[in-house]
Amino acid sequence: MEGLETKWQQLWAERGTYAFQRPASREQVFSIDTPPPTVSGSLHVGHVFSYTHTDLIARYQRMRGKAVFYPMGWDDNGLPTERRVQNYYGVRCVPSVPYDPDFTPPEQPDPKRQVPISRQNFVELCLQLTAVDEQAFEALWRTLGLSVDWSYLYTTISPHAQHNAQQAFLRNYARGEAYMAEAPTLWDVTFQTAVAQAELQDREYAGHYYRVAFHGPDAPVYIETTRPELIPAVCALIAHPDDPRYQPLFGSTVKSPLFDVEIPVLPHFKAEPDKGAGIAMCCTFGDLTDVQWWRELQLPTRVILGRDGRLLAEAPEWLANPAPYAEMAGKTTFSAREAIVQLLRESGDLDGEPKPTMRMTNFFEKGEKPLEIISTRQWYIRNGGRDDELRQALIARGEELDWVPEYMRHRYTAWVEGLNGDWLISRQRFFGVPFPVWYRLDAEGNPDYAAPIMADEASLPVDPANQPAPGFTEEQRGVPGGFIGDPDVMDTWATSSLTPQIACGWVGDPELFGLTFPMDMAPQAHDIIRTWLFSRVVRAHLEHGLLPWHHAAVSGFVVDPDRKKMSKSKGNVIVPSDILDEFGADAVRWRAASARPGTDSPFDKLQMKVGRRLAMKVLNAAKFVLGMATDHAAPITNPADLSMLAQLASVVSAATEAFEAYEYTDAIEVTERFFWTFCDDYLELVKERAYGSQGAAEAASAQAALRLALDVLLRLFAPFLPFVTEEVWSWYHGEDSSVHLAAWPSVAELPNTGDPVLLDQVGEVLVGLRGAKSEAKVSMKTEITAATVSAPADALAGLQTVTADLKAVGRIVGEIEWREADAITVAAELQA
């Protein structure tokens, strides 16, 4: 097997074996929305499995006669790439720094002393590093044997992708689907950027409950909070309308501790009477419940937290007593919490000692600190979070989509039903697709956000940071009466949500778009249904009024043997190149195929040995068959041969049905099960006959059956074991022919006159004959002087037709006595 992968990778590339040939109509195409992996990360065994699953379907559809459009993309923009560039080169982006065309990164990068560079220099380094990473990814995919057409490779930061993303945004804006708003925003203080709902991750976070007194007209009102540093931002105390403890206070006010601000006490159904004191602070903003109360109760906005995660330096104007705020000003939330707790102790407003607690808190999925909520101006796309009509339309799209497995549909529906806001698509980062937007500056230099200047589609792609607004010159940038460019970039999902459009040529190639869109298949893992899958549905629904594909094929995770998620920190990560080098691509692909759609699969390296054994057996069995099957055009007449081919016809039918349902695991299982029976029983049974022991006609029947079976089996195995099947195919079809371009086998190719049960019955007799020798602890070559085969009457009739084969394989030198019985049993007398 050594050397096969390199040999065939090269030949496939030279011959364009997997090139997409544009056919006459859409019906002749099978198009795949391949997930573009994030090149700033590293590929793991889960990627290998899920991308193999896609390739299995691609290869099957190609053999079914479809022109398979199977592109590959790299997701190379966004925060993960920025982090990698910062750490790799020891730099950080500071947009105010001028561009240096001669900049070179430090020879010995220091992550703690990163060199400030311009945005343009930073983007250039991002492009430089991702290009290196992309080469490594492509090499791994080629080694794995993915039948991708690499001529359709795209990246999510390329000018083509930027054109698609900007054009889609401009059209969303023109239709009122994209809008800018000043609103409470989930904010990561480490990365200094907004975060969308789909990027949230709930994690346990250690904290304390603080019991704090607000000053009522007659008695203190105690609240329990984990965030006392937000007391300066309190705009109301909220209790449940049915809570008798606080009903007398509704409509009245209390004073906040330390700052003496008059705070209204209001009812709201979302207050929890059995949580803490049953009455809660509403601050702007501590959590998403605060945002809901603030909106629905029309409360004042009292923001004290800045984008850097620190409390504002100046005391807010609404504080009646601003003096204590000086102890908190400019501090992080952690330090401000320590400061106010000490102040509350000193004032007597802290009741008792803080109680430790573990609470679930929102984190950015790539972040390390809890998210804050601050008020910022951001771009949004409507996604049904605030529009029930659109929500229902998107739920209906999920019902329209064919899901594999079917139960994944419920995850999609649950996500859409649970949305509580529109899709925030702007990010305060640098390496991403710029918004094609500028803003006029008034006489005082203030931007007019109400009337943005939008780029013309004919000018795309544009970068407002480097290009002036239409009708302006670069000299007018940043001056009163001039303009500024929108400083933000699109969220990476805002670009990835358009992978069908990017890959299919929505911009620039209408012929390709007509042949490939909507696509046939959207493969992906189940953890990004809420992000990548849903966002693509949103964009296609808004732009085209339809689904972007017909089928969603969802893979599970690969977990360790204890069913724990693999991670570097746990030391249980499997490096794909290691298992590919050790076992070979065909073995790895075989193991991947055993992981059913949507199901998490525990990884065990020993399983790869089984796959390698299968690949080796295909090579060896093929050599054996081709070595004796010289006559492959003769009529097939022997009952054993016809029985084997009848069973193979059932295998073809079952494997085809499984692949049509995207159940590749069922296809490999039924094929492999037959193959081992074919090798263990049938090959042994007919070996001597094929060499002529029963005459020319019987030999010709065996040889033709063997050759036909091999041809069909190679095609059944081809999607799973592309390298060994291509090698064997070339032995007798020539190297200019490819099994992967051959027709998928059909039942019509195989004779239909055989009894499929006969081969199973033969197998039972062989087990009995072998068992007798094993029990006697003698060689399988030991002769049997007499044998008795007992079987039901219908089985006896069939078995007697293959007496000569049974005597040959069992080395029976005497006669076989046939007896009627309820079950098949064998008795044998061995040569002394």
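Sequence order sets the numbering: in each chain, residues are counted from 1 along the sequence as written. Residue-level local features of this predicted model are given only where pLDDT is at least 70; pairs of side-chain atoms are given and counted only at 80 or more, and the full residue set underlies all totals for whole chains, interfaces and linings. The side-chain numbers reported here are obtained from all heavy atoms of the structure, hydrogens and water having been left aside.

**Points about the overall build of the chain**
Secondary structure is summarised from DSSP: a helix means a run of H or I of at least four residues, a strand means a run of E of at least two, and numbering begins at the N terminus for each. Looking only at helices and strands, one finds 23 helices and 30 strands in the chain. Overall, the C-alpha framework of the chain stretches about 110 × 65 × 55 Å when taken along its three principal axes. For the exposure calls, accessible area comes from a 1.4 Å probe over protein chains only, and a residue counts as buried if that area is under 20% of its type's maximum, exposed if over 50%, partly exposed in between. A burial count over the chain gives 55% of its 832 residues as buried. Contact definition: two residues touch when any of their heavy atoms are within 4.5 Å. A sequence separation of at least 24 residues applies to 77% of the contacts in the chain between residues at least 6 apart. For every accessible area listed, the method is Shrake-Rupley and the probe measures 1.4 Å; residues are considered covered only by the protein chains on display. As presented, the chain carries roughly 34600 Å² of accessible surface, and 50% of it is formed by carbon and sulfur atoms. Charged side chains of the chain number 75 positive and 112 negative; the gap between the two group centres comes to 3 Å. Positive charge is attributed to Lys and Arg, negative charge to Asp and Glu, and no charge count is given to His or to the chain ends. In plain terms, the charge of a residue is placed at NZ if it is Lys, CZ if Arg, CG if Asp and CD if Glu.

**Some thoughts on the sheet that holds strand E8 (residues 193–194)**
With antiparallel pairing, the four strands of this open sheet are ordered in space as E8-E7-E16-E18. The two strands at the open ends of the sheet, each matched to only one other strand, are E8 and strand E18 (423–424). Here strand E16 (residues 372–381) pairs with E18 via two bridges, running antiparallel. Along E18, the bridge assignment pairs Tyr-380 with Leu-424. Sitting on the sheet, helix H6 (residues 288–296) is in contact with strand E7 (178–188) and E16, with an inclination near 140° to E7. A strand pair is defined by DSSP finding two or more bridges across the two strands. Helix axes are fitted to C-alpha atoms over the stretch in contact, other axes to C-alpha atoms as well, and angles between N-to-C directions run from 0 to 180 degrees.

**Let's talk about the sheet that holds strand E29 (residues 816–820)**
Taking strand neighbours across the sheet as the criterion, the three strands line up as E29-E28-E30 in an open arrangement whose pairing is mixed. With partners counted over all chains shown, the strands left at the sheet margins are E29 and strand E30 (825–830), one partner each. Within this sheet the neighbouring strands show an average axis-to-axis angle of 15°, counted without direction. As judged from the five bridges shared by strand E28 (residues 784–791) and E29, these two strands associate in the parallel manner. Bridge pairing in E29 links Val-789 to Trp-818. Helix H21 (residues 756–775) rests against E28 and E30 of the sheet, and its axis sits at about 40° to E30. Sitting on the sheet, helix H23 (residues 803–810) touches E28 and E29, and the angle it makes with E29 is about 120°.

**Considering the nonpolar core**
Ranked by size, the top nonpolar core spans 124 residues in total, and within it Leu-648, Phe-678 and Leu-706 carry the most contacts. Grouping buried Ala, Val, Leu, Ile, Met, Phe, Trp, Tyr and Cys residues that are joined through side-chain atoms within 4.5 Å yields what is termed a nonpolar core. Counting 65 residues, the second-largest nonpolar core is a separate cluster that includes Ile-453, Trp-506, Leu-542 and Ala-552.

**Overview of the pattern of salt bridges**
A carboxyl oxygen of Asp or Glu within 4 Å of a side-chain nitrogen of Lys or Arg is what we treat as a salt bridge. Counted by the stated rule, this structure contains 42 salt bridges. With a shortest N-O distance of 2.6 Å, Glu-511 and Arg-22 are connected by a salt bridge. In this pair, Glu-511 sits in helix H12 (residues 510–516) while Arg-22 sits in the loop between helix H1 (4–15) and strand E1 (29–31), placing the two residues 489 residues apart along the sequence. Taking the shortest distance from any N to any O, the salt bridge between Glu-660 and Arg-64 comes out at 3.6 Å. Of this pair, Glu-660 sits in helix H17 (residues 639–660) while Arg-64 sits in the loop between helix H2 (45–63) and strand E2 (67–69), and the two are 596 residues apart along the sequence. Since its relative accessible area comes to 44%, Arg-64 is described here as partly exposed.

**What about the packing of aromatic side chains?**
For any pair of aromatic rings, geometry is given as the distance between the ring centres together with the angle between the planes. We call Phe, Tyr and Trp rings a pair once their centres come within 6.5 Å, taking the six-membered ring for Trp, and we label the pair stacked below 30 degrees between planes, edge-to-face above 60, and tilted otherwise. Summed over all chains, the structure comprises 34 aromatic pairs. Centre to centre, the rings of Tyr-88 and Tyr-89 are 4.9 Å apart; their planes meet at 80°, and the pair counts as edge-to-face. Taking relative accessible area as the criterion, Tyr-88 reaches 46% and is therefore assigned partly exposed. When the ring of Phe-472 is compared with that of Phe-483, the centres are 5.5 Å apart and the planes differ by 55°; the resulting orientation is tilted.

**With respect to the packing of helix H16 (residues 606–628) against helix H20 (residues 722–733)**
The geometry of H16 relative to H20 is characterised by a closest axis approach of 9 Å and an angle of 10° between their N-to-C directions. Viewed along their axes, H16 and H20 adopt a mutual orientation that is roughly parallel. For the element pair H16 and H20, the recorded crossing hand is right-handed. The residues of H20 that touch H16, namely those facing Ala-615, Val-618, Leu-619, Ala-622, Lys-623 and Leu-626, are Val-724, Glu-727, Val-728, Trp-731 and Tyr-732. Ten residues, namely Ala, Val, Leu, Ile, Met, Phe, Trp, Tyr, Cys and Pro, are considered nonpolar, four, namely Asp, Glu, Lys and Arg, are considered charged, and the remaining ones, Gly among them, are considered polar. Residue composition of the contact of H16 with H20, grouped by class: nine nonpolar, no polar and two charged. Each angle is binned into one of four classes, with values under 35 degrees roughly parallel, values over 145 roughly antiparallel, values of 65 to 115 roughly perpendicular, and all other values oblique. Left-handed describes a crossing whose near helix is turned anticlockwise from the far helix through less than a right angle; right-handed describes the clockwise counterpart.

**Overview of the pairing of strand E25 (residues 549–555)**
When you tally the buried positions in E25, you get five out of seven residues, the bulk of the element. Two elements, strand E24 (residues 519–525) and E25, share six bridges in a ladder whose sense is parallel. Bridge pairing in E25 links Ala-525 to Ser-555. With the strands pointing away from the viewer, any crossover whose connection runs clockwise from the first strand over the helix to the second is right-handed. Tracing the backbone out of E24, into helix H13 (residues 529–544) and back to the parallel element E25 gives a crossover that is right-handed.

**Digging into helix H5 (residues 159–174)**
Expected span, for any helix, means 1.5 Å times one less than how many residues it has. With 16 residues, H5 ought to run about 22 Å at 1.5 Å a step, and its terminal C-alpha atoms sit 22 Å apart, in line with that. Buried within H5 are the following residues: Ala-161, Gln-162, His-163, Asn-164, Ala-165, Gln-166, Gln-167, Ala-168, Phe-169, Leu-170 and Asn-172.

**Things to note about the state of the cysteines**
Any pair of cysteine sulfurs within 2.5 Å is marked as a disulfide. Using the criterion set out here, one finds zero disulfides in the structure. Summary of cysteine pairing: Cys-283 is not part of a disulfide, and the nearest cysteine sulfur, belonging to Cys-282, is at 6.7 Å.

**Re a negative patch on the surface**
Patch members must show over 30% relative accessible area and no salt bridge, and they are joined within 9 Å when carrying like charges or within 5 Å when they are nonpolar side chains of Val, Leu, Ile, Met, Phe, Trp or Tyr. A surface patch of negative charge is lined by Asp-755, Asp-794, Glu-820 and Asp-822. Along the chain, Asp-755 turns up in the loop between H20 and H21.

**Things to note about unusual backbone geometry**
Look at the link from Val-404 to Pro-405: it is a cis peptide, with omega at -5°. With respect to the secondary-structure elements, Pro-405 resides in the loop between strand E17 (402–404) and helix H9 (408–417). Look at Asp-260: it is not a glycine, yet its phi comes out positive at around 55°. Topologically, Asp-260 is positioned in the loop between strand E12 (253–255) and strand E13 (262–267). Looking at Asp-260, the relative accessible area reads 34%, which means it is partly exposed.

**Regarding the side chain of Arg-119**
Here Arg-119 is to be found in helix H4 (residues 119–144). One buried charge, Arg-119, has no salt-bridge partner; the nearest side chain with opposite charge is Asp-463, at 5.1 Å. A 3.5 Å cut-off defines polar contacts: any pair of N or O atoms within that distance qualifies, except that in protein one atom must be a possible hydrogen donor and the other a possible acceptor, and neighbouring residues in sequence count only when both atoms are side-chain atoms. A polar atom in the side chain of Arg-119 sits 3.3 Å from the backbone oxygen of Pro-487.

**A short note on the environment of Thr-81**
Looking at the element boundaries, Thr-81 is found in helix H3 (residues 79–89). Residue classification places Thr-81 among the buried positions, given a relative accessible area of 2%. C-alpha of Thr-81 to C-alpha of Val-39: the two residues are 42 residues apart in sequence and 7.7 Å apart in space. At 3.0 Å, the side chain of Thr-81 forms a polar contact with the backbone oxygen of Asp-76.

**Observations concerning helix H8 (residues 388–400)**
With 13 residues, H8 extends 18 Å between its outermost C-alpha atoms, agreeing within 8% with the 18 Å of an ideal straight helix rising 1.5 Å per residue. Buried residues belonging to H8 abut E17, H9 and H13. For H8, the N-terminal cap is Asp-387; the gap from its side-chain oxygen to the backbone nitrogen of Glu-389 is 3.0 Å.

**Quick look at the pairing of E13**
Across three bridges, the pairing between strand E11 (residues 234–239) and E13 is parallel. For Ile-238, the partnering residue across the bridge sits in E13 and is Leu-266. Where E12 meets E13, three bridges bridge the pair, whose relative direction is antiparallel. Looking across to E13, one finds that Val-254 is bridged to Ile-263. From the end of E12 to the start of E13, which pair antiparallel, there are six residues, and Leu-258 there has a positive phi angle of about 75°.

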